[in-house]
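Observations on chain architecture
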Amino acid sequence: HLDKYMQEKLFVLQLVVWGLRGVTRVILANNPLSGALILAALCWASPWQALLGTLGVLASTLTAVIMGQDSAEVSGGLHGFNGMLVSLLMGVFSSAGDWYWWLLLPACLGSATCVFLSSGLSPVLERWDLPVAVFPFNIIIVLYLLCTGPDNPYFPHHPATPPGLLEPNGTELIAVEVMLGIPLGVGQIFACGALWPSLLILGAVLLYSPLLAAHALLGSAVGTLVGLSMAVRHDYLYSGLSGFNGALGCMAVGGLFFTFSWRTHLFAIASAFLSAYADIALSNLLGTVGLPACSWASTLTATLMLLLTGSLAAYRIPIGRVMAP
Amino acid sequence: HLDKYMQEKLFVLQLVVWGLRGVTRVILANNPLSGALILAALCWASPWQALLGTLGVLASTLTAVIMGQDSAEVSGGLHGFNGMLVSLLMGVFSSAGDWYWWLLLPACLGSATCVFLSSGLSPVLERWDLPVAVFPFNIIIVLYLLCTGPDNPYFPHHPATPPGLLEPNGTELIAVEVMLGIPLGVGQIFACGALWPSLLILGAVLLYSPLLAAHALLGSAVGTLVGLSMAVRHDYLYSGLSGFNGALGCMAVGGLFFTFSWRTHLFAIASAFLSAYADIALSNLLGTVGLPACSWASTLTATLMLLLTGSLAAYRIPIGRVMAP
Amino acid sequence: HLDKYMQEKLFVLQLVVWGLRGVTRVILANNPLSGALILAALCWASPWQALLGTLGVLASTLTAVIMGQDSAEVSGGLHGFNGMLVSLLMGVFSSAGDWYWWLLLPACLGSATCVFLSSGLSPVLERWDLPVAVFPFNIIIVLYLLCTGPDNPYFPHHPATPPGLLEPNGTELIAVEVMLGIPLGVGQIFACGALWPSLLILGAVLLYSPLLAAHALLGSAVGTLVGLSMAVRHDYLYSGLSGFNGALGCMAVGGLFFTFSWRTHLFAIASAFLSAYADIALSNLLGTVGLPACSWASTLTATLMLLLTGSLAAYRIPIGRVMAP
């Protein structure tokens, strides 16, 4: 009896560790302690969002266990982060308000479906030694938002506005707010728009790898610069939405998939620029039907960077050994 | 002389068998007798549609013969079903009325083009041992509808309405009609919206394989349930349009590409749910430009299911041996 | 000292040759002399466009050198033509008028980005022995136009109108203008809408290969025919826009990737029809959000043709040896 009890407890404990690893995978790190810090930051910003995120991580990790996915992948948290993002974004876009308990249903189902997509996309992408990354999240959240629409009686949501919309006359850009958008861009990776929690998330990344944190800030700054150069809505800059794709694109190249050198650093900056411009383009396109571009831009850009031949390819770390540190 | 005459007669006879096999391929079966039954059902529902369907099957099968495609594929009907669907859908969406003879021209050309797409997509999909399925049909019909548009002077068509549109106030859902939508969902695979012919089509599937027929009904029921959960237009439920993608997704997993077991059965239900939700999402998206989502959702879902690793993959039948029974 | 000077001069000279080869690659040829003729034709039509084109070729070729791309590819001009097209199209769609010097900035950056896309797409397409072709150009120009939008304060552009829009009543089609659209279709490959420069471009192709030139004219004629059959806007026919995708599709099959025979010739005509219809479909689709379809249709069709199994595949020339003449 005791044995079984212990085993069950052990399984729950393991699940918690897998989940926390999954939380950090969102921001390209892999460390249960950082995961706990990030979860605390989310809880600080909004307990409802933290609940949704936790639920998403657990739902998708458990689905992966049930579906018999590779156990090394499950214990590395590789089946948790997509589910977490789906749940978080469902919560952010829902216009039914916080603590709308019915939302837990699509959050659970959507997170579970991510495992199907991860598992199905991996043999395709594996041919070129590419990771599945957040493709499943991006696909599922777009399908969910398309399914429900702004006026759905059960699960209504806010439509996304394209960043290229013109500002009403006479509004001035406030420099301090733009500056604050840079750290907020790091928080927006978790759909978190509050300043202090965003800084705590940045701290959690710093704990895992200072290099990654530096590239996150750098990428977010590049994204903000790109937003300025394309004259996007002020809102888009202030909230950090223009920065988070740049941050992800910069981190993937500068701190994760390639060994660090000054060449890789230059490519990381190029990747940040490309991600940020592609994000504005895709947001404008998807915004015409009220959809957000999520992290499509940075995911596609990072995938492109991994495919590059030439001088960057020499620094590439094979996917199997990427997640070591 | 007689010899040549016999040979020609033999070729025509063969062509008929290939065509009838092609007709059943639409609904994932492979049996000339079922094909004849289905054709009779279509003729019952609308002789014009039956003519278009027959023309489509013949045009694409003949094109495949001329283009020197693999003869085993041709005689198995694998080059007929896409052409048939293209012709049928052209007829359904045409707003020029029945017996508009000019429509035979695009129907022939569109069906013939399917062979190009089948032949071109197969080396790509073969890498992952995937079937071409109805991708060619889905691509061609979308291109055709985009080319012509609702106001085209030669080939006008009805624009599709997205299923997520709100109902006018005060309309109640009629339970019996929703129930009737379930068998209609099986008929909608052939774009047939009449009850008795739909039942005859279901009978033709039953003749080929009772397991397939059961999964068709189950999938259609799941699709209707999904439609209810997303509060789609009543029309969409009554006509069976919400059911047919679920039916196709359920049949592909439960009765065709995998050996049957209770696990496969559960995955078949999951596949039906996924197909039906994805169909509503895609219909809402494509409906904004007046396009139908056809069977994109179920085709993509079935492809995803075939790619899955983990416990489902163990039951998978290699594509080369799928079509044996 | 002299040695170094000579080397530098040599490098500049080489760069010019690479660039001129890149210019001809746009129209599927490969000959510095033809490149010089085409550049002259562009300069005749509009010096500003010629400047943009030259800049695009140089920017992307230099980026390829810096990024350490395969030197055989660079010297063959394979990294120049996408950049040139991006620059040219940016100039054509810009609504800020000629000699708007700020445009050089996105032209340079966009051209440089093409190298990233070429380099990243090639390992994916190589699996099926496919060329990267103008995919990078098509992707970058669509992203650029999405980024800026018609009302951008820095880089405004004209939105594209879908070809399927209805004509105002009482306008008659002028047969001579339609005829003139056929040679203009060849010029439109370089976004050039003037008659004599278009003929000069055709002459440059003739100089390289008469077969290619014949297929260019044939394809453009097919495209115009297709435009008539779908009753597109008269403008679309007169300007040659309905012809250029057909021309590219016809040239790729009839004069470049396959050895010539009467079968290949028939397939080339089929390819022209397919390209032209697909172009109208895609233009109608992308036109709803104000985007042009560029050469998506012909690029996709040519890729499809290269994938075909059956009797066409026997004539295929492996990509590695295609560019020999």
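Residues numbered from 1 in each chain as written. Chains lettered and ligands numbered in written order. Predicted model: local features only at pLDDT ≥ 70, side-chain atom pairs only at ≥ 80, totals over all residues. Heavy atoms only, no water.

Here the focus is the interface of chain A and chain B. When the parts of a complex come together, some accessible area is lost, and that lost area is often used as the size of the interface. Contact with chain A, which involves 22 residues of that partner, is made by 23 residues of chain B. Summing both sides of the interface, chain A and chain B together bury roughly 2,000 Å²; the carbon and sulfur share of this comes to 72%. Its largest share of buried area at the contact with chain B, chain A owes to Phe 116, Leu 146 and Cys 147 of chain A, together 29% of the area lost on that side. There are 0 salt bridges connecting chain A and chain B. Taken together, the connections running from chain A to chain B amount to 6 residue pairs in polar contact (both at pLDDT 80 or more). For the side of chain A that touches chain B, the leading source of residues is helix 6 (residues 104–126) of chain A, giving 7 residues. Its residues assigned to classes, the side of chain A that touches chain B comprises 13 nonpolar, 7 polar and 2 charged. (Contact = heavy atoms within 4.5 Å. Buried area = accessible area lost by both parts, 1.4 Å probe. Salt bridge = Lys/Arg side-chain N within 4 Å of Asp/Glu carboxyl O. Polar contact = N/O pair within 3.5 Å; in protein donor to acceptor, adjacent residues only side chain to side chain. Helix = DSSP H or I, 4+ residues; strand = E, 2+ residues; numbered from the N terminus. Nonpolar A, V, L, I, M, F, W, Y, C, P; charged D, E, K, R; others polar.)

Facing the 24 residues of chain C at the interface are 22 residues of chain B. Interface area for chain C against chain B, summed over the two sides, is near 2,000 Å², with a carbon-plus-sulfur share of 73%. Across the chain C-chain B interface, the total number found is 7 residue pairs in polar contact (both at pLDDT 80 or more). Mapped by element, the contributors of at least two residues to the side of chain C that touches chain B are helix 10 (210–229), helix 13 (262–287) and helix 14 (296–307) of chain C. The dominant element in the side of chain C that touches chain B, judged by the number of residues it contributes, is helix 13 of chain C, at 9 residues. Its residues assigned to classes, the side of chain C that touches chain B comprises 17 nonpolar, 6 polar and 1 charged.

Expressed as a screw operation, the relation of chain C to chain B combines 0.0 Å of axial shift with a rotation of 120°, fitting to an RMSD of 0.0 Å. Taken together, the rotation and translation relating the two chain copies correspond to the operation of a three-fold axis. (Least-squares fit on C-alpha atoms with pLDDT ≥ 70 in both.)

The biggest cluster of nonpolar side chains holds 304 residues, and the ones touching the most others in it are Ile 27 and Phe 190 of chain A, Ile 27 and Phe 190 of chain B together with Ile 27 and Phe 190 of chain C. Setting aside residues no more than four positions away along its own chain, Phe 190 of chain B makes contact with Val 23, Val 26, Ile 27, Ile 38, Leu 42, Met 84, Leu 88 and Ile 201 of chain B. (Core = buried A, V, L, I, M, F, W, Y, C linked by side-chain atoms within 4.5 Å. Buried < 20%, exposed > 50% of the residue type's maximum accessible area, 1.4 Å probe, protein only.)

Attention now moves to the relation of the copies chain A and chain B. For the pair of chain copies, the relating operation is a rotation around an axis with a shift along it. Mapping chain A onto chain B calls for a rotation angle of 120° and an axial translation of 0.0 Å; the resulting RMSD is 0.0 Å. Take the interface residues of chain A: only 9% of them recur as interface residues in chain B, which is what a contact between different surfaces looks like.

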